[in-house]
Every structure is written in C-alpha cells, then in structure tokens.
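Descriptive analysis of the structure
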Amino acid sequence: MANTASAKKMVRKLARRTAINKSRRSRVRTFIKKVDAAIVAGDSGKARDALVKAESEMMRAVNKGVFHKNTASRKISRMSARVKAMSA
C-alpha cells in the first residue's frame, strides 16, 4: 500500500482516471453495438449514421488515450467494410 503523501495522491488520481477511461471505453462499445444492431437488422441508412457516430467516438477515445490509434482504425475499417457490403 502507498505510504508517502505523493504515492497516496497518485493512487487517488489513478482511481479517478480509471473511472473516466472505463466510462469512455463503455461509451465506445455502446456505439459499436448500435452499428452491429443496424447491420443485423439490415437497415443500411441507420447503419451508416451509426458508423459515423461510432467512428467519431472511437477517435475521441484515441485522442484521450483510451485506445491505440491502430486499434481504432482497424475496428473502424472492419465496420465500414460491413456497412459497405450491405448496400452492395
């Protein structure tokens, strides 16, 4: 356990930051689920709209340091391909 004042403060900061990151990660997952749901439902218009919102949310998470840039890009690319395949 932390035994100096600075170490105790870092533990508190870490707890706050973890809660924020957890919330952001959960939010991104929710947006991804909306894209998946639209794809399963077969609604290409809704899927495109959901994809735009999910992409924006994922890149915001990248900027905040929650996800690695390549991870987000890979997920967006795969979702985009699935949405594009619906309209073809």
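A brief report on the enclosed structure follows. (Residues numbered from 1 in each chain as written. Predicted model: local features only at pLDDT ≥ 70, side-chain atom pairs only at ≥ 80, totals over all residues. Heavy atoms only, no water.)

Here's the deal with the overall build of the protein
The helix and strand inventory of the protein stands at three helices and zero strands. Secondary structure of the protein in N-to-C order comes out as α-α-α. Over its C-alpha atoms the protein spans a radius of gyration of 17 Å, topping by over 25% the 12 Å that the globule rule assigns to 88 residues. Along the longest, intermediate and shortest principal axes, the C-alpha atoms of the protein span 60 × 20 × 15 Å. Within the protein, counting contacts between residues at least 6 apart in sequence, those at least 24 apart form 55% of the total. As displayed, the protein has an accessible area near 6,400 Å², and 53% of this comes from carbon and sulfur atoms. (Helix = DSSP H or I, 4+ residues; strand = E, 2+ residues; numbered from the N terminus. Rg over C-alpha atoms; globule rule 2.2 N^0.38 Å. Contact = heavy atoms within 4.5 Å. Areas by Shrake-Rupley, 256 points an atom, 1.4 Å probe, with all protein chains shown as cover.)

Observations concerning the packing of helix α2 (residues 44-63) against helix α3 (residues 69-87)
Orientation of α2 relative to α3, taken along the N-to-C sense of each, is 175°, at an axis distance of 10 Å. Looking at the two axes, α2 sits roughly antiparallel to α3. Facing Ser 44, Ala 47, Arg 48, Leu 51, Ala 54, Glu 55, Met 58, Met 59 and Val 62 of α2, the residues of α3 in contact are Lys 69, Ala 72, Ser 73, Lys 75, Ile 76, Met 79, Ser 80, Val 83, Met 86 and Ser 87. (Axes fitted to C-alpha atoms, helices over the stretch in contact; angles between N-to-C directions. Parallel < 35°, antiparallel > 145°, perpendicular 65-115°, else oblique.)

Brief notes about the side chain of Glu 57
For Glu 57, the position within the fold is in helix α2. Among the polar contacts listed, one links the side chain of Glu 57 to the side chain of Arg 27, at a separation of 2.8 Å. When near neighbours in sequence (up to four residues on either side) are disregarded, Glu 57 contacts Arg 27, Val 28 and Phe 31. (Polar contact = N/O pair within 3.5 Å; in protein donor to acceptor, adjacent residues only side chain to side chain.)

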